[in-house]
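Structural overview for review
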Amino acid sequence: MKRRRFLAMAAGASLAQIALGAQAEGAESAAGAAIRQSREIGLAALGVSERDLQHGLELHAASIVMEPYGFAPRAAIDGAAVARLVEQGGSDREVDLLMDEMENTRFVLDESERREFIEAWRAAGMTCIFQNAGQESQDPVRLLRRLGNFTFALDMMPDFFVRATAAGDIERAKRDGKAALALSVNGVPLLQRWESVQDELSLIRVFHQLGVRMMHLTYNRQNMIGSGAGEREDPGLSDFGRAVVAEMNRVGVLVDVAHSGPQTSLQAAQASSKPMVISHSACAALSGHFRCKPDNVIRAVAETGGLMGICAVPQFLGGKGDINTLLDHVDHAVKVAGIDHVAIATDYSYRSTAAGREFQKVPRRPRHRPDWESLWPIPLGPTPPSQRTMAWTNWPLFTAGLVQRGYRDADIQKIIGGNAVRVVNATFPQRA
């Protein structure tokens, strides 16, 4: 295979596009160059044969590919507009909210950002993402802000997006050649009036009606539901937490313990009557990071019929923290939980090639105290270069890596999307 064709395949072009020379030299966009460079780095680390790569790319293109937790490509902010808000005296909170909204919606409003968004999505070969659509909180208003961003994006791009809210929606998106987003929030919305259990639970159903289909029980810190993964002690799921799990099961919202402590995660699995998930984490047996899950928790979640999503965060993965380490964690999770209960959920997004340039336009602001939810007993630290091997647009290389490791095609299809779709269809309502 010629090297140019080899890299074009790895960069996400269809076999037909490659045959027609659609990626000829001189026609490459800035996004295409960034995607290609990440692919070259990923390929060098993976060391996959041309035969396994070609088979992996063909299998990837033919399959439903779904992340049980992740981020759609993020747009660049409008740096000049943010700078004006800073100069007008906007608070840190106002500025942060504006930048978050821009990252999540400018691909709808700006033609160049939309082109890059679509190019990155197609390069990844993605069918559906369980999108983080609610910031880390139990405050309904805070959760609604980002949920509103993605509701707007889905409504404004109906020719591109499918809103995945019912069983069968993801298969329909694949069949129709569209992108699907299912919506998750990083917290259970609570009124926090503490008048009655039923009153506190009432917003779970409301958020379900707004399209939310998965919620974190905790985010690193302890709350009234249970303990977060960042706490020194983990007393487990509270009595109120058991009521929360029961209500999420009843309404049809997936229980997610990705950021919960091990005892809270284990007890949630024991309490859940429906499949639940560790949406994005890694295996404690291979890494000592506090965000990883021990084998007994992984196994307990699998026994609910749910799954474990392996993330692409180098600091969590440990070791080299590269694409091969990610696949090592997949291998371990398969041994512990079984082939029907493992997925890949990168917890990373593609960022617009204009992001850095636009951010430079924003005036420097004074340092502020860490946000409440940012409880990191082990500082996350800077992202190491090894993350580039797992760039979000390198998703087809994950599939090729599984081919390289000898997984059967049917089992690869489970890991890259089939298991997530099975859990979704067991939880989401049927469309009338």
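Treat the numbers as computed from the prediction; the structure is a model and nothing was measured. (Residues numbered from 1 in each chain as written. Predicted model: local features only at pLDDT ≥ 70, side-chain atom pairs only at ≥ 80, totals over all residues. Heavy atoms only, no water.)

1. Overview of the overall build of the protein
Looking only at helices and strands, one finds 18 helices and nine strands in the protein. In terms of overall dimensions, the protein is globule-like: its C-alpha atoms have a radius of gyration of 21 Å, near the 22 Å expected for 432 residues. Look at the contacts in the protein between residues 6 or more apart in sequence, and 77% of them connect residues 24 or more apart. Summed over all atoms, the accessible surface of the protein reaches about 18000 Å², with 50% contributed by carbon and sulfur. (Helix = DSSP H or I, 4+ residues; strand = E, 2+ residues; numbered from the N terminus. Rg over C-alpha atoms; globule rule 2.2 N^0.38 Å. Contact = heavy atoms within 4.5 Å. Areas by Shrake-Rupley, 256 points an atom, 1.4 Å probe, with all protein chains shown as cover.)

2. Overview of the pattern of salt bridges
It is possible for side chains of opposite charge to pair when their charged atoms get near one another. Using the criterion set out here, one finds 19 salt bridges in the structure. In this structure, Arg 36 engages Glu 28 in a salt bridge whose closest nitrogen and oxygen atoms are separated by 2.7 Å. What makes Glu 28 partly exposed here is its relative accessible area of 41%. Through salt bridges that share partners, Glu 28, Arg 36 and Glu 40 make up one connected network. (Salt bridge = Lys/Arg side-chain N within 4 Å of Asp/Glu carboxyl O. Buried < 20%, exposed > 50% of the residue type's maximum accessible area, 1.4 Å probe, protein only.)

3. Observations concerning the packing of aromatic side chains
Summed over all chains, the structure comprises 15 aromatic pairs. Residues Phe 290 and Trp 376 carry aromatic rings whose centres are separated by 5.5 Å and whose planes lie at 70 degrees to one another, so their mutual orientation is edge-to-face. Highlighted residues: Phe 290 in the loop between β7 (277-281) and α13 (295-303) and Trp 376 in the loop between α16 (355-359) and α17 (395-404), separated in sequence by 86 residues. What links up through ring pairs into an aromatic cluster is the set Phe 107, Phe 117, Trp 121, Phe 160, Phe 161 and Trp 392. The residue whose ring lies beneath Arg 74 is Phe 71, and the NZ or CZ to ring-centre distance is 4.3 Å. The lysine or arginine in question, Arg 213, covers the ring of Phe 428, its NZ or CZ lying 5.8 Å from the ring centre. (Phe/Tyr/Trp six-rings, centres within 6.5 Å; stacked < 30°, edge-to-face > 60°. Lys NZ or Arg CZ within 6 Å of the ring centre and 35° of its normal.)

4. Comments concerning the side chain of Ser 352
Within the secondary structure, Ser 352 sits in the loop between β9 (342-344) and α16. For Ser 352, the residues in contact, after removing those within four places along its chain, are Arg 74, Ala 75, Ala 76, Glu 113 and Glu 116.

5. Describing helix α4 (residues 50-62)
Along its 13 residues, α4 runs 18 Å from first to last C-alpha, staying within 8% of the 18 Å computed at 1.5 Å per residue. Three or more residues of α4 are buried, namely Leu 53, Gly 56, Leu 57, Leu 59 and His 60. Down the axis of α4, the smallest arc covering the buried residues is 165 degrees, so these residues share one side. Of the exposed residues in α4, the ones pointing more than 90 degrees away from its buried face are Arg 51, Ala 61 and Ala 62. (Expected span 1.5 Å × (residues − 1). Arc of directions from axis to C-beta.)

6. Observations regarding the side chain of Arg 291
Locating Arg 291 in the fold gives a position in the loop between β7 and α13. In this structure Arg 291 is buried but unpaired, with Asp 347 as the nearest side chain of opposite charge at 4.5 Å. For Arg 291, the side chain forms a polar contact with the main-chain oxygen of His 280, separated by 3.0 Å. Apart from residues no more than four positions distant in its own chain, Arg 291 is found in contact with Asn 220, Ala 258, His 259, His 280, Ser 281, Ala 282, Phe 316 and Trp 376. (Lys, Arg positive; Asp, Glu negative; His and termini not counted. Polar contact = N/O pair within 3.5 Å; in protein donor to acceptor, adjacent residues only side chain to side chain.)

7. Regarding the environment of Phe 290
You can call Phe 290 buried: its relative accessible area is 16%. Sequence separation between Phe 290 and Phe 316 is 26 residues, and the spatial gap between their C-alpha atoms is 8.0 Å. Other than its neighbours up to four places away in sequence, Phe 290 contacts Asn 220, Ala 229, Gly 230, Leu 375, Trp 376, Pro 377 and Ile 378.

8. Some remarks on helix α10 (residues 197-209)
What α10 keeps buried is the set Asp 199, Glu 200, Leu 201, Leu 203, Ile 204, Phe 207 and His 208. Packed against the buried residues of α10 are α8 (140-156), β5 (212-216) and α11 (239-251).

9. Observations regarding the confidence of the model for the protein
Per-residue confidence for the protein averages 93 on the pLDDT scale, and 94% of its residues sit at or above 70. Here residues 14-24 is modelled with pLDDT under 50, and outside its nearest four sequence neighbours on either side it reaches ten contacts, counting other chains as well. (pLDDT = per-residue confidence, 0-100.)

10. So, the pairing of strand β4 (residues 179-185)
Within β4, seven of the seven residues are buried, which leaves the element mostly enclosed by the surrounding structure. Pairing between strand β2 (residues 128-132) and β4: five bridges, direction parallel. Each residue of the ladder has a partner; that of Asn 132, found in β4, is Ser 184. In the sheet, strand β3 (residues 161-163) pairs with β4 via three bridges, with the strands oriented parallel. For Arg 163, the partnering residue across the bridge sits in β4 and is Leu 181. Considered for its hand, the β-α-β crossover made up of β3, helix α9 (residues 169-176) and β4 is right-handed. As judged from the three bridges shared by β4 and β5, these two strands associate in the parallel manner. The partner of Val 185 across the bridge, within β5, is Met 215. (Pairing = 2+ DSSP bridges. Right-handed = clockwise from strand over helix to strand, strands pointing away.)

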